[in-house]
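Analysis of the macromolecular model
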Amino acid sequence: MVTGPRSSSLLIFVLLSSSILAGCGGIGPGSPNASLTADQETINQGESVNFDARGSTSPDPTIIDEFKWNFGDGESKTTKQGIISHIFDDAGNFEVTVEVFNDEGISDTARIIIFVNALPEIVLNLPDFVKTGQEARLDASESFDPEGGSVEITWDFDAFTDSDGDSDPLNDQDGSGPVTKLTTMDARNITGAVTVVDDTGASNTTTWTLRVISRSFRIVWEESYLDYEWSGYLEQGNSYEIQLVPGEEARLVDFSATLSLSRDILPITWPEDNFTLEVDLPSSGWSYSVITTQDNITENSSATIERQQMNSVPESGYTVYADSKEQLQESLLNDPDGRFGKGTWYFEITALQCDPDTPIDGVDPDPGNDWTLEANFLVLILRISEVSV
């Protein structure tokens, strides 16, 4: 082959150019290709998302060695790994980006949109306090979903007890609906919880405290007399029993009972008859009996049983705090210092001496006698009136 001067010059240029390119290390094989996925693209406020950029690639022989994350909410982070988790505390749409860098410093960016659903807003209206036994109205009807969806509301009346056993003491459903009512007979602070859930399942829970105060009552013991009277006729050896429960809602102080017999006017009915009167009070372990007598011939035969100061006179006209009127009444009426005389009183009248009378044709003209029993009690009636706060 014949070679001219022009061909020799071109060959020399090509060889020189090849030598120069082979020694230049700044020219790489290409840019990386970023990839980004998320395990969920719609979440509720306060939840986390797992991001994965491990599908990003870079041409051989380069490798990806850095990931720069921007979560769109003001937070960013740089990692060497292609996976990361992030919690979104605010609601809204957030553009999350990852910029991947290879070992030559060349980068590429991938992005994804995350929607964060806002938690329902809780608006709670409670009374400042209620009295024991008074109904409290708990109102969360103004609670709402910022996105305009519907909400469901449940109430837990005890924030410290896990009654359904799910390890969460704040989600026991003791009431439901925008408004619920609560009544307690004990003075205390009640701490509960209310949960509002929107139509996407986002929930918000807050605790509340209701103050329950004792009620105030004015105590007055009012003096009163209880009078009872019975009458009848008894023949020799017969008895008559009376049962009485005096002053059930009162405290007994003094007691007196008098048994009187009709007078025997005709001499043939003499001597005067005599009866016995017995009073028995099992609940207080007390009993007493007497026999009628006639002090002079102008008076009826009679007998009297008395007992004074059975119980002390309590303080009156003061104000006290209690959870309920019924509880206070029971406490005062069952005071150990004021229980004497409580329960059933038993009165027994027996015709002890109705003869001998002067018989007429062998017949006793007066085999028995008429009697009258009068019982009088001085009692203190308990008056309880509630005083406004």
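That block above? That's the structure.
The structure presented is a predicted model; accordingly, all values stated were derived computationally and were not measured.

**As for the side chain of Asn44**
Checked against the element boundaries, Asn44 lands in strand 2 (residues 42-44). A polar contact is formed between the side chain of Asn44 and the side chain of Asn117, at a distance of 3.0 Å. Once residues within four sequence positions are removed from consideration, Asn44 is found in contact with Val116, Asn117, Leu119, Thr200, Gly201 and Ala202.

**Describing the sheet that holds strand 15 (residues 203-213)**
Ordered in space as 9-15-14-11-12, the five strands form an open sheet in which the pairing is mixed. Each edge of the open sheet carries a strand with a single partner, namely strand 9 (130-131) and strand 12 (175-176). Of the strand pairs in this sheet, strand 11 (residues 151-156) and strand 12 are connected by two bridges, and their pairing is antiparallel. Bridge assignment links Trp155 to a residue of strand 12, and that residue is Gly175.

**Considerations on the sheet that holds strand 2**
Taking strand neighbours across the sheet as the criterion, the five strands line up as 2-8-7-4-5 in an open arrangement whose pairing is mixed. Both edges of this open sheet fall to strand 2 and strand 5 (76-79), since each of them pairs with a single strand only. The average undirected angle you get between the axes of adjacent strands in this sheet is 25 degrees. Of the pairings in the sheet, the one linking strand 4 (residues 64-70) to strand 7 (residues 92-102) comprises six bridges and is antiparallel in character. Bridging across to strand 7, Ile64 finds its partner in Asn102.

**With respect to the environment of Ala140**
Within the secondary structure layout, Ala140 lies in the loop between strand 10 (136-139) and strand 11. The spacing of Ala140 and Thr195 is 55 residues in sequence and 9.6 Å in space, taken between C-alpha atoms. Residues within four places of Ala140 in sequence aside, it is in contact with Val123, Leu124, Ile153, Trp155, Pro178 and Val194.

**Some remarks on the pairing of strand 23 (residues 345-353)**
Two faces make up the sheet, and in a regular strand the side chains alternate between them. Direction of pairing for strand 17 (residues 239-244) relative to strand 23: antiparallel, over a ladder of six bridges. If you follow Tyr240 over to strand 23, its bridge partner there is Ile349. In this structure, strand 19 (residues 274-281) lies alongside strand 23, joined through seven bridges in antiparallel fashion. Bridge pairing in strand 23 links Thr276 to Thr350.

**A look at the packing of aromatic side chains**
Aromatic ring pairs: the centre-centre distance and the angle between the two ring planes describe each pair. Applying the stated criterion across every chain, the model contains 16 aromatic pairs. The interplanar angle of 80 degrees and the centroid separation of 6.0 Å between the aromatic rings of Tyr228 and Phe377 together place this pair among those described as edge-to-face. Here the residue Tyr228 occupies a position in strand 16 (residues 215-235), and Phe377 occupies one in strand 24 (residues 368-387), the gap between them amounting to 149 residues. By relative accessible area, Tyr228 is classed as partly exposed at 23%.

Reading the values: the criteria
- Residues numbered from 1 in each chain as written.
- Predicted model: local features only at pLDDT ≥ 70, side-chain atom pairs only at ≥ 80, totals over all residues.
- Heavy atoms only, no water.
- Helix = DSSP H or I, 4+ residues; strand = E, 2+ residues; numbered from the N terminus.
- Polar contact = N/O pair within 3.5 Å; in protein donor to acceptor, adjacent residues only side chain to side chain.
- Contact = heavy atoms within 4.5 Å.
- Pairing = 2+ DSSP bridges.
- Axes fitted to C-alpha atoms, helices over the stretch in contact; angles between N-to-C directions.
- Phe/Tyr/Trp six-rings, centres within 6.5 Å; stacked < 30°, edge-to-face > 60°.
- Buried < 20%, exposed > 50% of the residue type's maximum accessible area, 1.4 Å probe, protein only.

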